[in-house]
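# A closer look at the structure
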Amino acid sequence: DTEVTQTPKHLVMGMTNKKSLKCEQHMGHRAMYWYKQKAKKPPELMFVYSYEKLSINESVPSRFSPECPNSSLLNLHLHALQPEDSALYLCASSPTGATEAFFGQGTRLTVV
Amino acid sequence: GEDVEQSLFLSVREGDSSVINCTYTDSSSTYLYWYKQEPGAGLQLLTYIFSNMDMKQDQRLTVLLNKKDKHLSLRIADTQTGDSAIYFCAESMPGGGADGLTFGKGTHLIIQP
């Protein structure tokens, strides 16, 4: 099983809403990531969790709040987003010491 | 940050070989990767190569690495319509792959019948 599952697949939210993106993997990977991908652009790293601890925050605004409740789950809590935050949000996981990184199918987020 | 450069488009005829090129700048990269992204989908890991290797072959895919020139290529033999996608080259950030990946802008592979 090399699957990273993300929910929901699509999300439309208003600028005053609070929502969460979820990511799950059962490969025993202890590194998990959030990436943001704008249309026709490459993915850009947002956060890295290693052994359930936040190890990298790429200067992401505080309206994005990651959480890693256990080794299989990664959440991204969203609050007071702006229309320019509309993008494809990708979750990935890898073994630590890291070779392959496996990506989920992403959540297509639209902020209205 | 480090730069990973790719051509934006490549057009090939069905049945021909496709060669997608990438240059990177960080000589300390441990692993280099090729990902495929179809429209509206996530990223599919195609293959990766460790920085002390020159070549890796996996069925129709051949990866060549020239570490001296910091040049990576992906050759797809017998290109099919299902290979139409955007192909991203990526390098592991300094500190190893667990620190995340830096992606090139992606090469859009277009297949002509």
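For the structure, check the block above.
Presented here is a report on the structure given in the accompanying data block. All figures in this text were calculated on a predicted structure; none of them were measured in a lab. Residue indices begin from 1 for each chain and proceed along its sequence in written order. Think of it this way: whatever chain is written first is A, whatever ligand is written first is 1, and the rest follow in order. Totals for whole chains, interfaces and linings use all residues, but because this is a predicted model, local features are given only for residues with pLDDT of at least 70 and pairs of side-chain atoms are given and counted only at 80 or more. For side-chain calculations, the full set of non-hydrogen atoms in the structure is used, while hydrogens and water are omitted.

## A closer look at the state of the cysteines
When the sulfur atoms of two cysteines come within 2.5 Å, that pair is taken as a disulfide. In the structure shown here, the tally under the stated rule is 2 disulfides over all chains. The partner cysteine of Cys23 of chain A in its disulfide is Cys91 of chain A, sulfur to sulfur 1.8 Å. Judged by the sign of its S-S torsion, about -70 degrees, the cystine formed by Cys23 of chain A and Cys91 of chain A is left-handed. Here Cys23 of chain A is found in strand E3 (residues 18–25), whereas its partner Cys91 of chain A is found in strand E9 (residues 87–94), with 68 residues between them in sequence. Its relative accessible area of 1% is what places Cys23 of chain A among the buried residues. Burial classification: accessible surface area is computed with a 1.4 Å probe over protein chains only, and a residue below 20% of its type maximum counts as buried, one above 50% as exposed, and the rest as partly exposed. You can call Cys91 of chain A buried: its relative accessible area is 0%. Here Cys22 of chain B is linked by a disulfide to Cys89 of chain B, with a sulfur-sulfur distance of 2.0 Å. Taking the sign of the S-S torsion, -60 degrees for the link of Cys22 of chain B and Cys89 of chain B, the bridge is left-handed. Note on conventions: DSSP H or I runs of at least 4 residues are helices, E runs of at least 2 residues are strands, and numbering of each starts at the N terminus.

## A short note on the pattern of salt bridges
Residues and elements named next belong to chain A. Salt bridges, as used here, are contacts in which a Lys or Arg side-chain nitrogen is within 4 Å of a carboxyl oxygen on Asp or Glu. What the rule picks out here adds up to 6 salt bridges over all chains. Among the salt bridges present, the one from Asp85 reaches Arg63, with a minimum N-O distance of 2.7 Å. Pair noted here: Asp85 is in the loop between strand E8 (73–79) and E9 and Arg63 is in the loop between strand E6 (53–57) and strand E7 (64–70), with a separation of 22 residues, a long-range link. Residue classification places Asp85 among the buried residues on the basis of a relative accessible area of 2%.

## Some details on unusual backbone geometry
Residues and elements named next belong to chain A. The omega angle of the peptide bond from Thr7 to Pro8 is -10 degrees, so this bond is cis rather than trans. Phi angles above zero are rare outside glycine, and Lys40 is one such case at about 60 degrees. Summarising the element assignment, Lys40 is placed in the loop between strand E4 (31–37) and strand E5 (44–50). Unusually for a residue other than glycine, Tyr51 sits at a positive phi of about 50 degrees. Mapped onto the fold, Tyr51 is located in the loop between E5 and E6. A relative accessible area of 44% means that Tyr51 is categorised as partly exposed.

## Focus: the environment of Gly40 of chain B
Note on placement: Gly40 of chain B falls in the loop between strand E4 (31–37) and strand E5 (43–50). The spatial distance from the C-alpha of Gly40 of chain B to the C-alpha of Lys67 of chain B is 33 Å, given a sequence separation of 27 residues.

Any functional reading would require information beyond the geometric quantities listed.
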